[in-house]
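# Fold and geometry: a report
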Amino acid sequence: MKIVKTIDEIRNIIKEWRKEGYSVGLVPTMGYLHEGHGSLIEQSVKNNDKTVVSVFVNPTQFGPNEDLEKYPRDIERDSKLVERIGGDIIFNPEASEMYSSAGFTTIKVEGLSEKLCGITRPTHFAGVCQVVSKLFNIVTPDNAYFGLKDFQQYVIIKTMVDDLNFPVKINPVEIVREESGLAMSSRNVYLTYDERKSALSLSIALKTAKSLISNREYNSSKIISEMKQIINNYPYTKIDYIKIVNTTTLNDIDYIENEKYAVLLAVYVGKTRLIDNYVCE
Ligand code: AMP
């Protein structure tokens, strides 16, 4: 397992791999890897001859008052995880390497980027699409792996790839949770002991939604109102949004009938903004 810092070097390695006829999988991450990332890497290692894991805290997807500077980083620990799972390369460029040109170009997936997380994070998805397109052009993967934990991100990337004919297959990977039900996230490290207990309210509320729906409660506002009550009962929580949406358009669904739907939520626990969801497709 090798750590590569420059675009030229990774391109040369990929060129050699292509001469051998190897298929390539890419797992884009911001590092501080956990078993959620591990599951994406596992899928890639299983289905491709070679796997590149990018570890890059992308400045363009952070807003002015977000946690860019304090976002957790530990490349040594990340290397151990990638090595253990069988990844071949960590691509870990500096921001100056990734953004050495003028940087005029952004990609806007209209209609999908402005809603849900895009309301509190208006520039976030333009930054995500920018860095992911750059990674696709640098690594030229056959397959790329995205976690369903960031469901809106997955839908946006999938749409961008379809719209712009990127020659890569986007593979979704199920959410990996701690035993407690808390969805794994690099940002969980910010939570205090008591906040961690409150963070369980997200998965508890989603479980309740699932069971209400299986008991034929199809009215979204009723389901959302029960979820709100659960989360508001825990200290330190502040709901950003809870929505039930169509899985392709991300438009609100008022009444769940035959549509494919996702129950999505974003909640501040203390100062940490957590997201989670339950998707029914
Ligand atoms: P991040 O490093 O947070 O940008 O995440 C990199 C990739 O890992 C994204 O595609 C995430 O959706 C995915 N990911 C993060 N946490 C989880 C999790 N708990 N389960 C599955 N995938 C995850």
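The notes below deal with the structure included here. A quick note: this is a predicted structure, and the numbers were derived from the prediction, not measured.

### Here's the deal with the site of the ligand
- His37, Gly147, Asp150, Val176 and Met184 are the nearest of the 17 residues found near the ligand.
- In the environment of the ligand, an oxygen atom lies 2.9 Å from a nitrogen or oxygen atom belonging to the side chain of histidine 37.
- The separation between an oxygen atom of the ligand and a polar side-chain atom of aspartate 150 is 2.6 Å.
- Here the ligand, which alone exposes 490 Å², has 92% of that area covered by the protein.
- Listed by contribution, the elements that provide at least two residues to the shell around the ligand are strand E2 (24–29), helix H2 (35–47) and strand E5 (143–147).

### Here's the deal with the packing of H2 against helix H3 (residues 75–85)
- Two numbers describe how H2 lies on H3: the axes approach to 9 Å, and their chain directions differ by 35°. For the pair H2 and H3, the crossing hand works out as right-handed. Between H2 and H3, the contacting residues are Glu35, Gly38, Ile41, Glu42 and Val45 on the first element and Leu81, Val82, Arg84 and Ile85 on the second.

### Here we look at the packing of helix H1 (residues 7–19) against helix H6 (residues 124–139)
- Running from N to C, H1 and H6 point in directions that differ by 50°, and their axes come no closer than 9 Å. Between H1 and H6, the angle falls in the class oblique. Contact residues: Ile7, Ile10, Arg11 and Ile14 in H1; Asn137, Ile138 and Val139 in H6.
- When grouped by side-chain class, the residues that make up the contact of H1 with H6 number 5 nonpolar, 1 polar and 1 charged.

### Quick notes on the pairing of strand E9 (residues 272–280)
- Buried residues dominate E9, accounting for 7 of its 9 residues.
- Judged from the 9 bridges that link them, strand E8 (residues 261–269) and E9 form a sheet pairing that is antiparallel. What sits directly across from tyrosine 268, in E9, is arginine 273.
- Hairpin connection between E8 and E9: a loop of 2 residues separates the two successive antiparallel strands, and glycine 270 in this loop has a positive phi of roughly 65°.

Rules and cut-offs
- Residues numbered from 1 in each chain as written.
- Predicted model: local features only at pLDDT ≥ 70, side-chain atom pairs only at ≥ 80, totals over all residues.
- Heavy atoms only, no water.
- Near = heavy atom within 4 Å.
- Polar contact = N/O pair within 3.5 Å; in protein donor to acceptor, adjacent residues only side chain to side chain.
- Areas by Shrake-Rupley, 256 points an atom, 1.4 Å probe, with all protein chains shown as cover.
- Helix = DSSP H or I, 4+ residues; strand = E, 2+ residues; numbered from the N terminus.
- Axes fitted to C-alpha atoms, helices over the stretch in contact; angles between N-to-C directions.
- Left-handed = near helix turned anticlockwise from the far one by under 90°.
- Contact = heavy atoms within 4.5 Å.
- Parallel < 35°, antiparallel > 145°, perpendicular 65-115°, else oblique.
- Nonpolar A, V, L, I, M, F, W, Y, C, P; charged D, E, K, R; others polar.
- Buried < 20%, exposed > 50% of the residue type's maximum accessible area, 1.4 Å probe, protein only.
- Pairing = 2+ DSSP bridges.

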